[in-house]
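Structural features, examined
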Amino acid sequence: MSAARLLLVRHGVTDWNRSGRFQGHLDPPLAADGRIEAELLADRLAAGAEDERPTRVIASGLARAHETGRIIAERLAIPLALDRRLIEIGQGEWEGRSHAELSRDDAERYAAWRDDPNARPPGAEAMDLVATRTRDAIEAIVADGGIPCVVTHGGILRVLASHLLELGARGWDLDADNASLSVLLRIDDVWRLDRWNDVHHLLGRVATHVDEEDGQPLAL
């Protein structure tokens, strides 16, 4: 029986997360709380069982994921690599805009987006391209062996869950909090869920769940 372990992490919180602002391919840094969240997660991983600790970190390359990954890698003294295929889903014309702004200035298209789970912001990245780049990245990362810790974004985590766990559109219903830890196990080439959106290391320490509503992302 062959087995593999994959750790998935969402980056720490940003000020744009706090204000419900679409980030997409734009590059805001971690907020002060986001750095604290990353440090708490790094401490948790460092204290874990040796055979469950990551052996390397791969981050998306956008500042919010890069910095989260750097904090983890430095705490565990393991290598850090960047992979642009793991960057967040591009949100087109709405990147940098908040929900309050869009509901006022682009009300018709914004309402349509809120009402239709399949709708995309105008000019957003095509989901088939997102799925392809994300799938290619994760397959290469897993093939390199060890226990990889992938630090990425809320939208990409849902794409990965949809692909690896064969959830289809249901993957989009999963919560993905900032600085959360999810763990997948591959047993005989079948991926199984060990845990999802685990934020025990943050509870009572920092605010969580800042940009989600009933499992649906309010902004990516």
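Everything in this summary refers to the structure shown in the same document.

Conventions we followed
- Residues numbered from 1 in each chain as written.
- Predicted model: local features only at pLDDT ≥ 70, side-chain atom pairs only at ≥ 80, totals over all residues.
- Heavy atoms only, no water.
- Helix = DSSP H or I, 4+ residues; strand = E, 2+ residues; numbered from the N terminus.
- Rg over C-alpha atoms; globule rule 2.2 N^0.38 Å.
- Buried < 20%, exposed > 50% of the residue type's maximum accessible area, 1.4 Å probe, protein only.
- Contact = heavy atoms within 4.5 Å.
- Expected span 1.5 Å × (residues − 1).
- Pairing = 2+ DSSP bridges.
- Axes fitted to C-alpha atoms, helices over the stretch in contact; angles between N-to-C directions.

Of regular secondary structure, the protein possesses seven helices and eight strands. Its C-alpha radius of gyration of 17 Å places the protein within 12% of the 17 Å reference for a compact globule of 220 residues. Referenced to the eigenvectors of the C-alpha coordinate spread, the extents of the protein come out at roughly 50 × 35 × 25 Å. Per-residue burial for the protein yields a buried fraction of 51% across its 220 residues. Contacts spanning at least 24 positions in sequence make up 71% of the contacts within the protein whose residues lie at least 6 apart.

Taking 1.5 Å of rise per residue, 16 residues should cover 22 Å, and helix α2 (residues 32-47) covers 23 Å from first to last C-alpha, within 8% of that figure. Buried within α2 we find Gly 34, Glu 37, Ala 38, Leu 40, Leu 41, Ala 42 and Leu 45. Packing partners of the buried residues in α2 comprise β1 (3-10), α3 (63-76) and β5 (181-187).

Attention now moves to the sheet that holds strand β3 (residues 80-82). The mixed open sheet is built from six strands, whose spatial order is β3-β2-β4-β1-β5-β6. The sheet is open, and its two borders are formed by β3 and β6 (190-198), each paired with just one other strand. Between one strand axis and the next, the sheet turns by 20 degrees as a mean value, whatever way the strands run. The sheet contact formed by strand β2 (residues 56-59) and β3 spans three bridges and is parallel. Across the sheet, residue Val 57 finds its bridge partner in β3, namely Leu 80. Against the sheet, helix α7 (residues 154-164) contacts β1, β4 (148-152), β5 and β6, and its axis sits at roughly 155 degrees relative to β1.

Glycine aside, a negative phi is what most residues show, and trans is what most peptide bonds show. Here the phi dihedral of Ala 77 falls at roughly 55 degrees; this positive angle occurs in a residue that is not glycine. Here Ala 77 shows up in the loop between α3 and β3. Positive phi outside glycine occurs at Glu 166, with the angle close to 55 degrees. You can see Glu 166 is positioned in the loop between α7 and β5.

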